[in-house]
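# Tertiary structure, described
Here is how the chains run, residue by residue.
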Amino acid sequence: MRALNRKLWRDLWDMRGMVLAIALVQVGGVATFVMSLSTYDSLLLTRDRYYREQRFAEVFASLKRAPESLAERIRSLPGVDQVQTRVVAAVRLEVPGFTDPVTGTLLSVPDTHPPRLNTLYLRQGRTPEAGRNDEVMIDESFADAHDLQPGDRLAATINGRRKTLTITGIVLSPEYIYAIAPGAVFPDFEHYGILWMGRKPLATAYDMDGAFNDVALSLEHGTDAETVIESLDRLLARYGGRGAYAREDQLSHRFLTEELHGLETMATVFPVIFLGVAAFLLNVVIGRLVATQREQIAILKAFGYSNFDVGRHYAALVLMIIGLGLAGGIGAGIWLGRGLSAMYMQFYHFPFLHYRLDPLIIGLAALVSVLAGLAGTLHAVGRAVRLPPAEAMRPVTPTAYRPTLIERLGLQRLFSQPTRMIARHIERRPVKSLLMVAGMASACGIIMVANFQKDAVRHMIDVQYTMSQRQDLSVTFTEPSSHTALYSLAGLPGVEYAEGVRSVPARLRFEHRSYRGSLQGLESGGKLRRVLDASLRRVDIPPDGIVMTDYLAELLGIRPGEVLTVEVLEGKRPVLKIPVTGTTSEYLGVSAYLQRETLNRLMQEGDAVNGAYLSVDPPLRDRVYRELDDMPRVAGILVRDNAIRSFYRTMDETILYFSFVSALLGGFIAFGVVYNSARIALSERDRELASLRVLGFTHPEVAYILLGELGIATLLALPPGFLFGRLLCGYLSQSFRSDLYRIPLILEPGTYAFAAAVVLASAAFSALMLWRKLRKLDLIGVLKTRE
Amino acid sequence: MGEIEVHALRGVDLELYAGELLVLLGPSGSGKSTLLNILGGLDTATGGEVYYRDRNLTYANEKTLTDYRRHHVGFVFQFYNLIPSLTARENVAVVTEIVRNPMMPEDALALVNLQDRLDHFPAQLSGGEQQRVAIARAIAKNPAVLLCDEPTGALDSETGIIVLEALERANRELGATTALITHNAGIADMADRVVHITNGHIGSIERNAQRKPASELSW
């Protein structure tokens, strides 16, 4: 081994504490990078393979009823490849031993052959026998939630008739990777299930013999989905078509896409911060190393080592540190990536997960780390290279200090000499002090992200379920019904209050922009369902206008006062022009609201409702469920408490995972910054601190000088850290905005406190280590050495 | 590799008298620094006993030694060891702030003829001036013992003499027992007593009949 290499290893070993602290920060950056990108990659790969193997459709449409013969005409539309018609129905289910209402979606599968599109992945059991009207396959997440096996039975109310069904198979479908009930936003596998039954028996039960109410298409390569959607809409219009949509708008696909987008954001924002901090730390440490090894550099050069050799030596040192962080980061990234992928498997139902770590990701991580590290140390290494040997032999000129700004203002009387030392040291190198504060502030901000999600989600739930949707139960009807249906609901024992709702699928247009959604007709002065403005005040819906979610208004580029074009996709399918009178702030989904009477009038129908919101006396809840079960008109029941509970159950796990990861990584940064800054400060000042010890200063007194600076920097870092955290959370909240949900920028005091606590604890930990090092100051050596 | 025990000092028996100026003379490695470190409470002897007045420092703990250095000892180092971020005045004040009955920093600096350089930072002072600040810092606490480790070692002879004059004046006017380490025999003439140290032993102790003023020294 060459002597210079030996020096490299010894230097590394001597700096091991600092090397480790830098490597940890590096690990944070590389790990988030590898974790997010490998998970992204794996999910994408898994998804695409799954879609391909199960022939996931590209265009979807549901309609009221069309004869099967229409399928041929759909197939002959230009650009259409495969067509799969089917019957889809809402059912109510009863699972033995489970009292809560359970709803489901029942889909048909061809009796004699596998579906041409959206084929099922059979996990367990078999497909129903042809023609059997009492056999179904069920979705795996529903089966898992209730521990159902092939051979088990459950009861279903199909089109008003109660029927016992036997489970023949447990399956997964590419259409329900993210399975949520209509009208819900979060998956609730206990209360919502997806079932498949033979086409013929299902059609018979729903009076759909020789007809279909749902169709899925695949397209020929290179076909524009929009063109097909337009012609399909025209074709389906007279059959009650509710508007075709492309795969991009398919709900399960949408959620998955949003998640992938989130991973992309994580793969960029966080590594940039971490690698930036690591570069700064490297700069500080290598800069100090070059300063202390001035004479060694001079001697090496005097003995004939070239500038290049010296530069290579220090660059190698940087690369070793980066390599350490990189190796740790890749390892941690794979570990976290596997954990994250496994967690996604709970939300997103794939039959398999293909965890893959693309070598390209590792290459990219290495490249970015090395570039950031070298860029950070360019200055310091360059100094070593440029140092002329003769100059290096001479001692450095004493550092020039000057009175600080505060002292020049005449306030120095207030400070003891040690305090002046602290202030002057900070002020003498403003950039370094600033970067140190910035590093700790970024740690504080990253830690805040952990709890931000929790705060935001709690706020979302609170607003959504206690201020906006105050009903205990939401009931949907199979068909629009007369308003009198409400009275029978209100009359049930245990129902305290009932409020009607009329919702209509519609395409909303403004200028060239359009959105496929629905109109919600709410009771004016309703007590349960209310729309709120940005400051959470109730918004009154005027009799002659639409109030819509602010995000939807943004999507459409429409402002209050402008007129919205509404193409109703139900009944007589009127095309309406309605002025937008206001916007409402909502976090979940988007909608356009009218007064129910207005909607009824525009639909040219009577006093109709197709759903109801109920408030229920808690002790009588189970009884209400049973009564509702016996009402054939009721298609689905959504229980608010179940939704909240199941949401928290699933969400808490993810949030805990992310909180753990970001708090840990944020802690790495805080520790890395404080510890390195402190160690450097100690190395720069050990001589003067030891001198003071010789002059009779006590250990705590010299510790004050060293740690006081760190303490000030730590405290100074908190306010900008809070601000940075807020901006970071704001950025995340902004980048995750979609019509599915918007995460509000809500940060509870506890979140600030937690971030501050982690930063302070990291600082305290570093301080403790320094306190111990200060005990070992070499008092005798200092008398004999010059700087 | 086994460790070999090396005794820096062996069988040293030395008494310092109040107010005297003592020069410890010896080549490098002779053990004179170790002796000074023990006298100054920076190091403890592995054997034998050390007394300061009636206080036994032999087994003193860290706290007692710190207290001893703080209130009774003034140090002057070869490389000055000033705090670069503090001015001349503040470098003295850093000590006067923590002791009982100190001089005013300005007075201490006047004693070494630096009354015009009060607000200069070390980087703005010459080597001799820096060493004189260090002397002012050492004497400002009115120490009973003033220990100087090669105070002129880093200076040319002309500047060295100015520094020695300052030390001489401090010893005379404040009555501090002053021990000065040097390998420079030319300095020995300014002492009351000269202790020759070789190989960890006291070779000889000679008393100068007459102290020679520092200004008349040369080397």
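This one's a predicted model, so the numbers in the text were calculated from it and none came from an experiment.

Criteria and thresholds
Residues numbered from 1 in each chain as written. Chains lettered and ligands numbered in written order. Predicted model: local features only at pLDDT ≥ 70, side-chain atom pairs only at ≥ 80, totals over all residues. Helix = DSSP H or I, 4+ residues; strand = E, 2+ residues; numbered from the N terminus. Rg over C-alpha atoms; globule rule 2.2 N^0.38 Å. Buried ≥ 20, exposed ≤ 12 C-beta atoms within 10 Å, placed from the backbone. Contact = placed C-beta atoms within 7 Å. Pairing = 2+ DSSP bridges. Core = buried A, V, L, I, M, F, W, Y, C linked by C-beta atoms within 7 Å. Axes fitted to C-alpha atoms, helices over the stretch in contact; angles between N-to-C directions. Nonpolar A, V, L, I, M, F, W, Y, C, P; charged D, E, K, R; others polar. Domains from an automatic or database assignment. Parallel < 35°, antiparallel > 145°, perpendicular 65-115°, else oblique. Left-handed = near helix turned anticlockwise from the far one by under 90°. pLDDT = per-residue confidence, 0-100.

Here we come to the overall build of chain B. Scanning chain B from N- to C-terminus turns up six helices and eight strands. Along chain B, helices and strands appear, N-terminal first, in the series β-α-β-β-α-β-α-α-α-β-α-β-β-β. Against the compact-globule benchmark of 17 Å for 219 residues, chain B has a radius of gyration of 17 Å, which places it among compact chains. In terms of principal-axis extent, the alpha carbons of chain B reach across some 50 × 40 × 40 Å. Relative to its 219 residues, chain B shows a buried fraction of 48%.

Along the backbone of chain A there are 22 helices and 20 strands. If you line up chain A on its principal axes, its C-alpha atoms span 100 × 55 × 50 Å. Scored against the burial criterion, the 787 residues of chain A give a buried share of 46%. In chain A, the share of contacts with a sequence separation of at least 24, taken over all contacts with a separation of at least 6, comes to 84%.

Residue and element names in this part refer to chain A. Taking burial as the measure, the six residues of strand β20 (residues 634–639) include six buried ones, the bulk of the element. Looking at chain direction, strand β12 (residues 473–482) and β20 are connected through five bridges and run antiparallel. Across the sheet, the residue bridging to L473 is V639, located in β20.

Counting buried positions along helix α3 (residues 88–96) of chain B gives nine out of nine residues, so the element sits mostly inside the fold. Residues of α3(B) that are buried include every one of B:A88, B:R89, B:E90, B:N91, B:V92, B:A93, B:V94, B:V95 and B:T96, and no others. On its buried face, α3(B) sits against α13 (417–428) of chain A together with α4 (105–111) and α5 (127–139) of chain B.

Okay, the nonpolar core next. Among the nonpolar cores identified, the biggest contains 296 residues, and A:I22, A:M440, B:L24, B:I135 and B:A136 are the most heavily contacted of them. Sorting elements by how many residues they give to this core places helix α7 (residues 251–292) of chain A first, with 20 residues. Once residues lying within four places of it in the same chain are set aside, the contact partners of B:I135 are B:V76, B:V112, B:V163, B:A166, B:L167 and B:A170.

It is worth spelling out the sheet that holds strand β1 (residues 21–25) of chain B at this point. One key point about sheets: their strands pair by backbone hydrogen bonds, in either a parallel or an antiparallel sense. Residue and element names in this part refer to chain B. As summarised here, the arrangement of the six strands in space is β4-β5-β6-β1-β7-β8, forming an open sheet in which the pairing is mixed. Only two strands of the sheet have a single partner each, and these edge strands are β4 (73–76) and β8 (201–207). Put simply, the sheet's adjacent strands are angled 20° from each other on average, direction ignored. Where strand β7 (residues 193–198) meets β8, six bridges bridge the pair, whose relative direction is antiparallel. Of the residues in β8, the one forming a bridge with V195 is I205.

Next up on the list: the interface of chain B and chain A. Opposite the 26 residues of chain B that make contact, chain A presents 25 residues. Where the side of chain B that touches chain A is concerned, the elements lending two or more residues are α2 (62–72) and α3 of chain B. Class assignment of the residues belonging to the side of chain B that touches chain A gives a composition of 14 nonpolar, six polar and six charged.

Let's shift gears to the domain arrangement of chain A. Residues and elements named next belong to chain A. Here the domain parsing of chain A yields domain 1 (1–56 + 248–396), domain 2 (57–247) and domain 3 (495–616). Using only C-alpha atoms to locate each centre, domain 1 and domain 2 end up separated by 48 Å. Of all elements in the fold, only α2 (16–53) and α7 reach the threshold of two or more residues within the side of domain 1 that touches domain 2. Looking at which element gives the most residues to the side of domain 1 that touches domain 2, the answer is α7, with five residues. Residues belonging to the side of domain 1 that touches domain 2 are distributed by class as follows: 10 nonpolar, five polar and three charged.

Turning to the environment of A:L692, a few remarks are in order. Residues and elements named next belong to chain A. On the secondary structure map, L692 appears in helix α19 (residues 640–694). For L692, a count of 26 C-beta atoms within 10 Å translates into the label buried. Separated by 672 residues in the primary sequence, L692 and L20 have C-alpha atoms spaced 30 Å apart. Not counting residues within four places of it along the chain, the set of residues in contact with L692 comprises F697 and V702.

Attention shifts here to the pairing of strand β6 (residues 135–139) of chain A. All names here are of chain A. Counted residue by residue, β6 has five buried out of five residues, so it is predominantly covered. Bridge count for β6 against strand β8 (residues 161–172) is five bridges, and the pairing is parallel. Counted as the bridge partner of I138 is I170 from β8. Summarising the sheet, β6 and strand β9 (residues 192–198) pair through two bridges and their orientation is antiparallel. The partner of I138 across the bridge, within β9, is L195.

What follows is about the packing of α2(A) against helix α10 (residues 359–386) of chain A. Residue and element names in this part refer to chain A. Two elements in contact, α2 and α10, have axes separated by 10 Å at closest approach and are oriented at 150°. As judged from the angle between their axes, α2 and α10 are roughly antiparallel. Crossing of α2 against α10: the hand is right-handed. In this structure, α2 contributes Q26, V30, F33, V34, L37, S38 and D41 to the contact, and α10 contributes I361, A365 and S369. For the contact of α2 with α10, a count of residues per class yields six nonpolar, three polar and one charged.

With that settled, consider the sheet that holds strand β2 (residues 80–86) of chain A. Residues and elements named next belong to chain A. Within the open sheet, the four strands sit side by side as β2-β10-β1-β11. Their pairing is antiparallel. The open sheet has two edge strands with one neighbour each: β2 and β11 (245–246). Here β2 runs beside strand β10 (residues 211–219); their pairing, made up of five bridges, is antiparallel. Looking at the pairing, T85 lines up with V215 of β10. Lying over the sheet, helix α6 (residues 225–236) contacts β1 (59–67), β2, β10 and β11, oriented at roughly 10° with respect to β1.

Here the focus is the packing of α7(A) against helix α14 (residues 430–468) of chain A. All names here are of chain A. Close contact between α7 and α14 brings their axes to 11 Å; oriented N to C, the two are set at 150°. In terms of their interaxial angle, α7 and α14 are classed as roughly antiparallel. Handedness of the α7/α14 crossing: left-handed. Seen from α7, the contacting residues are I273, V277, F280 and V284; seen from α14, they are K432, L435, G439, S442 and I446. Here the contact of α7 with α14 is composed, by residue class, of six nonpolar, two polar and one charged.

Our next topic: unusual backbone geometry. Note: most residues except glycine have negative phi, and most peptide bonds are trans. Residues and elements named next belong to chain B. One non-glycine residue with positive phi stands out, namely R53, at about 50°. Positionally, R53 belongs in the loop between β2 (51–52) and β3 (55–56). C-beta crowding within 10 Å serves as the criterion here: with 8 such atoms nearby, R53 is assigned to the exposed category. Here the phi dihedral of N113 falls at roughly 60°; this positive angle occurs in a residue that is not glycine. Within the element layout of this structure, N113 appears in the loop between α4 and α5.

Moving on, we get to the confidence of the model for chain B. Of the residues in chain B, 98% have a pLDDT of 70 or more, and the chain-wide mean is 89. In the predicted assembly, ipTM is 0.85 and pTM is 0.81.

To continue, consider the environment of A:V449. Residues and elements named next belong to chain A. Of note, V449 is situated in helix α14. Overall, the presence of 26 C-beta atoms within 10 Å leaves V449 in the buried class. Taking the C-alpha atoms as reference points, V449 and G500, 51 residues apart in sequence, are found 40 Å from one another. Leave out the neighbours within four places in its chain, and V449 touches S662, G725, L728, C729 and L732.

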